[in-house]
Amino acid sequence: MAIEKSLMEAIAKIEADVNGVIATAAVDLESGMTLASKSNRGDFDLAVASAYNSELVKQKLKIMRALNLNVALEDMLLTLSDQFHLIKLLPGGSSFLYLAADRGSTNLAILRNAVNKHCAALAA
Amino acid sequence: MAVIDPSDDCVVIRIVYDGAPMAGKTTSVATLGHGLGAGVYSPAEHHGRTLYFDWLDYTGGLFEGRRIRCQIVSVPGQATLAPRRRRLLQSADAVVFVGDSSPPALAADRRYLGALRGVLNDVSGPPVGIVFQANKRDLVDATPLDRLRSMLDELQLRSAIVESVATEGAGIREAFVFAVRLALDRVRELNRNGALGTARPTINSADDLLQELRRAEAGALDLAVASGRLEHTHLHELQGSLASHALQEAMHSNIDSPEVRVTATATGHAELPAIPNEKVASGLVWPPVDGRTILHETAGTPVNLQRRHDGGWLGIINDRWSLHSDDAAVFDDLEAGRAELVQWARLHASNSELISKQRCIVLADDGRNRFRLWQLVRSEPSLRSRIQGTLSGSATAIADVLLSCARAFTEMAERLSKASCELPLGLDRVGLTPSGPAYIGPLPTAATAPPPRHWSAAQAIDALMLELEFVQPTLRLHSSELLAELARIARQPGSQKRNEWQLLQRLAALT
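Residues numbered from 1 in each chain as written. Chains lettered and ligands numbered in written order. Predicted model: local features only at pLDDT ≥ 70, side-chain atom pairs only at ≥ 80, totals over all residues. Heavy atoms only, no water.

*Asks:* Teacher, can you tell me more about the overall build of chain B here?
*Replies:* Of the regular secondary structure elements, chain B holds 17 helices and 22 strands. A buried classification covers 55% of the 511 residues belonging to chain B. Sequence-distant contacts in chain B: of pairs separated by 6 or more residues, those separated by 24 or more amount to 72%. (Helix = DSSP H or I, 4+ residues; strand = E, 2+ residues; numbered from the N terminus. Buried < 20%, exposed > 50% of the residue type's maximum accessible area, 1.4 Å probe, protein only. Contact = heavy atoms within 4.5 Å.)

*Asks:* What is the right way to look at the packing of aromatic side chains in this model?
*Replies:* For any pair of aromatic rings, the description consists of the separation of the ring centres together with the inter-plane angle of the planes. All names here are of chain B. Under the counting rule described, the total for this entry stands at 2 aromatic pairs over all chains. Seen from their ring centres, F53 and W55 are 6.4 Å apart, and the 65° between their planes marks the pair as edge-to-face. Comparing F53 with W55, the two get one shared label, buried. Above the plane of the ring of F470 lies R384, whose end atom (NZ or CZ) is 4.8 Å from the centre. (Phe/Tyr/Trp six-rings, centres within 6.5 Å; stacked < 30°, edge-to-face > 60°. Lys NZ or Arg CZ within 6 Å of the ring centre and 35° of its normal.)

*Asks:* Looking at this structure, how should I read the confidence of the model for chain B?
*Replies:* One rule of thumb: low pLDDT means the predicted coordinates there are not for detailed reading. Residues and elements named next belong to chain B. Here chain B averages 85 in pLDDT, and 88% of its residues register 70 or above. Within the model, pLDDT remains below 50 along residues 230-270, and this stretch shows 139 contacts once partners closer than five positions in the same chain are excluded. Interface scoring of the predicted complex returns ipTM 0.81; its pTM is 0.78. (pLDDT = per-residue confidence, 0-100.)

*Asks:* What is the right way to read the environment of A12 of chain A from this model?
*Replies:* All names here are of chain A. Of note, A12 is situated in helix α1 (residues 3-17). Accessibility expressed as a relative area gives 44% for A12, which makes it partly exposed. Note: C-alpha distance between A12 and N113 (101 residues apart in sequence) is 15 Å.

*Asks:* I tried to follow the pairing of strand β20 (residues 371-378) of chain B on my own but got confused; where do I start?
*Replies:* Remember that side chains alternate between the two faces of the sheet whenever the strand is regular. All names here are of chain B. Counting buried residues in β20 gives 8 out of 8 residues, a clear majority hidden from the surface. In β20, alternate side chains face the same way, and those of F371, L373, Q375 and V377 on one face and R372, W374, L376 and R378 on the other are all buried. Of the pairings in the sheet, the one linking strand β17 (residues 321-325) to β20 comprises 4 bridges and is antiparallel in character. Across the sheet, S322 pairs through a bridge with V377, a residue of β20. (Pairing = 2+ DSSP bridges.)

Listed below in structure tokens is the structure:
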């Protein structure tokens, strides 16, 4: 049961470890619907971000397939002028964690480390 | 009611929350709204009970490049308002049935599920998927999941079960997202059949829906509520109304065609292919809605996957399902796999009158960047198991079962001649369903399916006798009683027909 609960717990732990988290969502890859979400900024539309990032992940997987890359996609890092966006595939590969953080408040290493640590505990 | 709204370039779907009174429908929708950051609108309440519906409008996710707009509606549970409930259910693209897990509530769950089935049977187009949200799982005496699954089986309802505690928010989003997936499977089928409209939705807001309901009911139900009947209405007063009528319908109707969808999950063994699960993409399962539901049931359950002698894979899941994949049913290219899946689906459809209903096929990532075709087949009692189960019984029981199985075997042989490919005939491959004998084994893939084989009556009886060699020692122990039983049967009307007579003679020879 309680998939959302465990996802929300992981999101809370990541927020506790990382400064400047703007929003986090666990997203169903196929539909782009959020499985769990938390936004710290009212103007950040997490539903929209989750939906379009699911397309991004699907396209990346398609590219990998076209290149015959017989490996797994672990995460995707996107750097904006003032934000980091991190997409981390969750165990099982059918959902991913999407996190947006303020670039001035954290750094990529801390962000990635925290996400990896707390996502690894999630069941497939 | 799914439609593409050109003004917003979104696909509009409706998810309806159904269930018995006090099961937790409104709480589920309210919790979902809270989690999604969207407000719930309830047009009217009566002492905290929903009179019309709860409405939640949420746009999220993408379907083939379009935003997905979900109209989330809960029905009123009170029996008095059954016509209103029926009207709302008829508009659903997927249903989340909120079931109360407390043992005393099981009877109400059953009754409402029966009614739901009756309503959905009348909905045209692709099947409407059902998610059974087993609520109140925090109760110490919550009905075990196996019992709930048995209830759904008895009602012939294919439904994914998701556990929840609505008051704590657990399981609510999971049930909703799975319902959206089922709805999108339906949308894809509607689109494929050219039945997906492009228009502004007729019902575009809670107010629209309220007006529509009021117009359709002409105030009749409001009068019932105002008269105070609502609080005193009990389920047993439903005689002749929606629930009882729907239950009768359910009892007389056939099982829906099975549908499938799958996603691969790593098995942790380098040699083993990943097992398909319910998260497979739309279009890679057949049938599209029910198939995903089957995969939801089997996903997460340990599978004892083993290599077959021919190099294929065979797995047993919970003693309820068998999982099959041919050695060669693997594709480097998704489109090649999809083409084979389509051919295989056609093969299933063309043999639908002969094969057991509960099965699905799926194309899933095998965990090594390739795609593998699987089929999931529900384990049904075979003729062999029926015979084996009666061998310790009386001579009368043995004779009756032996003869009924022999008749089913020969009838199946005759029907297999009309199959679109050869299906192996054997006591393990034939089962008895309420509508007659059915082929319960896996289907060959379209690429490997041999042409159909014609069975003459004599050939079928010969094949049966070979299959029945295993019972001969037992039959000989009861030789005299069995012969007397067979003689008694032979004197019954109809037994003098040539094939029947031949069958009885050959069975007698076994003793």
